[in-house]
Amino acid sequence: MAESGRAVVIVRLKESGGTPTTGAPVSLQAVRNRQQTVLTKLAAEGGWRLRHRYATIPYLVGEVDYSALGTLAAMDEVAGIETDRRVFPADAESNQLIGATAVQQSYGYGGAGVNVGLIDTGIDLIHPDLANALVAGRRILQQGSIQNDNVQDDTGHGSHIAGIITSDGTIAPKGIAPGAGLVVVKAVDATGGWVSDVAAGIDWIVQRNAQVAAAARVRFINLSLFFACADTDPSCLGELPAHCPCDDVTGYTVFRDAVSAALAAGITCIAAAGNDGENTLRIPACFSNIISVGATFDRDYLYAPTQIQQYPTTATFRSVAGSFFADCKHPTPVQPDWLVCFSNRAPCMDFVAPGYQITSVLLGDYQHTLISYGTSQATAHVTAALAVLQQAAP
């Protein structure tokens, strides 16, 4: 991202011995020391403005003058420089289908005592179904240039996902894990987001886990979003990886090291497969250290797709939902557990879950609900189910 003769870059630092970072856990003090050495040199050289300093992985995000890029790259402590990538959201019969209602009613398990991380567009902070769910929140936007504690949703995507996970059931259907708490990072807004901000959100959650009691820690992070491949990456076909797993795609080391740090801290990341209807998965779901989720129907439908209720068979998901969805439609009728045609699929995909006409929270409306669909919604089902299982078997 260029700004008036400057570029916003992600700087990956070497280990103290001079070797590139490997993703292996390092001490927080070692990370700070390494970053401070580089920041001191950059201050002396000029042409640099810090945007974000990660806490658990040795990376920096900042603006650098084009004329100073060579000097930055040549520093002994610098392992590499990456450009940032854009991020977009992967846009209650389901509770019964997956057994959530029976588990809540018969066994009393609803995710109580389990905190879930949600990196998305934020949540509706005053919605009756979500007002009691927020445990902590952090806004990290525009490549670290906006940072505060306000996680108010501005698009509705994050609120809908949050409702699937932990709605109280006052207006929208009860969530799959209504007792779970939410640790929310608003890393995406109405214009989209950046990979560096999503990585910073994971980093913040890992850092928070190290500072709170065990009972307050996050165990799972929901990533109902996707990244686009670089146009020049030979491992990609257009915006999608050519194969899955996609661990050979380039340009995501800050995100992948953040996920590795999360795993080392006992946190599992769950991501949406994507809505392209292709035989591969979107980034980041295609990474081998992330749980990936595709979308199925949750009950019988006579017509599919529809706009809000039931669609004529002449409509396609793309014509109704936009360019992020596959240009496909279904025969009629369809059956529960069928893979929805827009869902990406691949042998490496881990789970499928309901992701069609899912009723949940509607941002800013405290009388009505929103019916939506996508692998985003399917991902929330899996994340919430894991929270319930965590309560049942800590």
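Scroll up to find the structure.
Numbering of residues starts from 1 in each chain and follows the order in which that chain's sequence is written. Local features in this predicted model are restricted to residues whose pLDDT is 70 or higher, and side-chain atom pairs enter the listing and the counts only when it is 80 or higher, whereas totals over whole chains, interfaces and linings include all residues. Side-chain metrics in this entry use all non-hydrogen atoms of the structure; hydrogen atoms and water are not considered.

## Examining helix H9 (residues 375-392)
Here's step 1: The way it works is that DSSP assigns letters per residue, a run of H or I at least four long becomes a helix, a run of E at least two long becomes a strand, and they are numbered from the N terminus. Multiplying 1.5 Å by the residue count of a helix minus one yields the expected span of that helix. Here H9 spans 26 Å end to end across 18 residues, near enough to the 26 Å set by a 1.5 Å rise per residue.
Here's step 2: Among the 18 residues of H9, 14 are classified as buried, and the element is accordingly described as predominantly covered. Working definition: with a 1.4 Å probe on protein chains only, accessible area under 20% of the residue-type maximum means buried, over 50% means exposed, and in between means partly exposed.

## What to know about the sheet that holds strand S4 (residues 78-83)
Here's step 1: Read across the sheet, four strands follow the order S2-S3-S1-S4 without closing on themselves; strand pairing throughout is antiparallel. Both outer strands of the open sheet, strand S2 (48-53) and S4, are each paired with one neighbouring strand and no more. On average, adjacent strands in this sheet sit at an angle of 30 degrees to one another, irrespective of strand direction.
Here's step 2: Relative to S4, strand S1 (residues 6-13) runs antiparallel, the two being bridged by five bridges. Its bridge partner being in S4, isoleucine 10 is matched across the sheet by glutamate 82.
Here's step 3: On the sheet, helix H1 (residues 28-45) packs against S1, S2 and strand S3 (59-65) and is oriented at approximately 165 degrees with respect to S2. When DSSP locates at least two bridges between a pair of strands, those strands are taken to pair. Between N-to-C directions, angles cover 0 to 180 degrees, with each direction set by a line fitted to C-alpha atoms, over the stretch in contact for helices. Only heavy atoms enter the contact rule, under which two residues are in contact if any of them lie within 4.5 Å.

## Some points on the environment of valine 382
Here's step 1: Its location among the elements puts valine 382 in helix H9.
Here's step 2: Counting along the chain gives 30 residues from valine 382 to valine 352, while the straight-line C-alpha distance between them is 8.2 Å.
Here's step 3: If we ignore the near neighbours within four places in the chain, the residues touching valine 382 are Ile270, Val293, Phe351 and Ala353.

## So, the pattern of salt bridges
Here's step 1: The term salt bridge refers to a pairing of a side-chain nitrogen on Lys or Arg with a carboxyl oxygen on Asp or Glu at a separation within 4 Å. Going through the model one piece at a time under the given rule, you end up with 10 salt bridges.
Here's step 2: A salt bridge links aspartate 276 to arginine 282; the nearest nitrogen and oxygen atoms lie 2.9 Å apart. In this pair, the class of aspartate 276 matches that of arginine 282, namely buried.
Here's step 3: Among the charged side chains, a salt-bridge network with shared partners connects Arg6, Arg49, Arg51, Glu63 and Asp65.

## Considerations on the state of the cysteines
Here's step 1: In plain terms, two cysteine sulfur atoms within 2.5 Å form what is called a disulfide here. Following the criterion strictly, the structure yields two disulfides and no others.
Here's step 2: Between the sulfur of cysteine 244 and that of cysteine 348 lies a disulfide, 1.7 Å long from S to S. Note on the cysteine 244 and cysteine 348 pair: the S-S dihedral is about 85 degrees, so by sign convention the disulfide is right-handed. One end of the pair, cysteine 244, is in the loop between strand S15 (240-241) and helix H7 (253-264); the other, cysteine 348, is in the loop between helix H8 (317-321) and strand S18 (351-354), and 104 residues separate them in sequence.
Here's step 3: Across the disulfide from cysteine 246 sits cysteine 286; the S-S distance is 1.9 Å.

## Description of H1
Here's step 1: If you check H1, its first and last C-alpha atoms are 26 Å apart, about what 18 residues at 1.5 Å a residue would give, namely 26 Å.
Here's step 2: Val31, Arg34, Gln35, Val38, Leu39 and Leu42 are the residues of H1 that are buried. Buried residues along H1 cover an arc of 130 degrees about the axis, so they all sit on one side. Away from its buried face, by an angle of more than 90 degrees, H1 presents the exposed residues Ala43 and Ala44.
Here's step 3: The secondary structure elements touched by the buried residues of H1 are S1, S2, S3 and helix H2 (69-74). Summarising the geometry, the arc corresponds to the directions from the helix axis toward the C-beta atoms.

## As for the sheet that holds strand S7 (residues 134-141)
Here's step 1: With mixed pairing, the eight strands of this open sheet are ordered in space as S8-S7-S9-S6-S12-S16-S17-S18. Edge positions in the open sheet fall to strand S8 (146-148) and S18, since each of these has one partner strand only. Averaged over all adjacent pairs, the angle separating strand axes in this sheet is 25 degrees, with direction ignored.
Here's step 2: Where S7 and strand S9 (residues 181-186) come together, five bridges link them in parallel fashion. Along S9, the bridge assignment pairs alanine 136 with valine 183.

## So, the packing of helix H6 (residues 195-211) against H7
Here's step 1: As a packed pair, H6 and H7 sit with axes 9 Å apart at the nearest point and diverge in direction by 15 degrees. By the angle class used here, H6 and H7 are roughly parallel. Crossing geometry of H6 relative to H7 is assigned as left-handed. Listed contacts from H7 to Val195, Val198, Ala199, Ile202 and Val206 of H6 are Val254, Phe255, Ala258, Val259, Ala261 and Ala262.
Here's step 2: The classification used treats Ala, Val, Leu, Ile, Met, Phe, Trp, Tyr, Cys and Pro as nonpolar, Asp, Glu, Lys and Arg as charged, and all other residues, Gly among them, as polar. Here the residues of the contact of H6 with H7 are counted per class, giving 11 nonpolar, no polar and no charged. Throughout, the term roughly parallel applies to angles under 35 degrees, roughly antiparallel to angles over 145, roughly perpendicular to angles from 65 to 115, and oblique to all others. Crossings are sorted by hand: turned counterclockwise from the far helix by less than a right angle, the near helix makes the crossing left-handed, and turned clockwise it makes it right-handed.

## Some points on the environment of phenylalanine 317
Here's step 1: As for its position among the elements, phenylalanine 317 is in helix H8.
Here's step 2: C-alpha of phenylalanine 317 to C-alpha of asparagine 275: the two residues are 42 residues apart in sequence and 9.4 Å apart in space.

## Details of the pairing of strand S6 (residues 115-120)
Here's step 1: In terms of burial, S6 is largely enclosed, as six of its six residues are buried.
Here's step 2: Side-chain alternation along S6 places Asn115, Gly117 and Ile119 on one buried face and Val116, Leu118 and Asp120 on a second face that is also buried.
Here's step 3: Of the strand pairs in this sheet, S6 and S9 are connected by six bridges, and their pairing is parallel. Among the inter-strand pairings, isoleucine 119 is bridged to a residue of S9, identified as valine 185.
Here's step 4: Bridge count between S6 and strand S12 (residues 218-223): four bridges; the pairing is parallel. What sits directly across from leucine 118, in S12, is asparagine 222.

## Some details on the packing of helix H5 (residues 157-166) against H9
Here's step 1: Where H5 meets H9, the closest approach of the two axes is 8 Å, and the angle between their N-to-C directions is 35 degrees. The handedness of the crossing between H5 and H9 is right-handed. Mapping the contact onto sequence places His157, His160, Ile161, Ile164 and Ile165 in H5 and Ser376, Gln377, Ala380, His381, Thr383 and Ala384 in H9.
Here's step 2: Its residues assigned to classes, the contact of H5 with H9 shows five nonpolar, six polar and no charged.

All we've got here are geometric facts, nothing functional implied.
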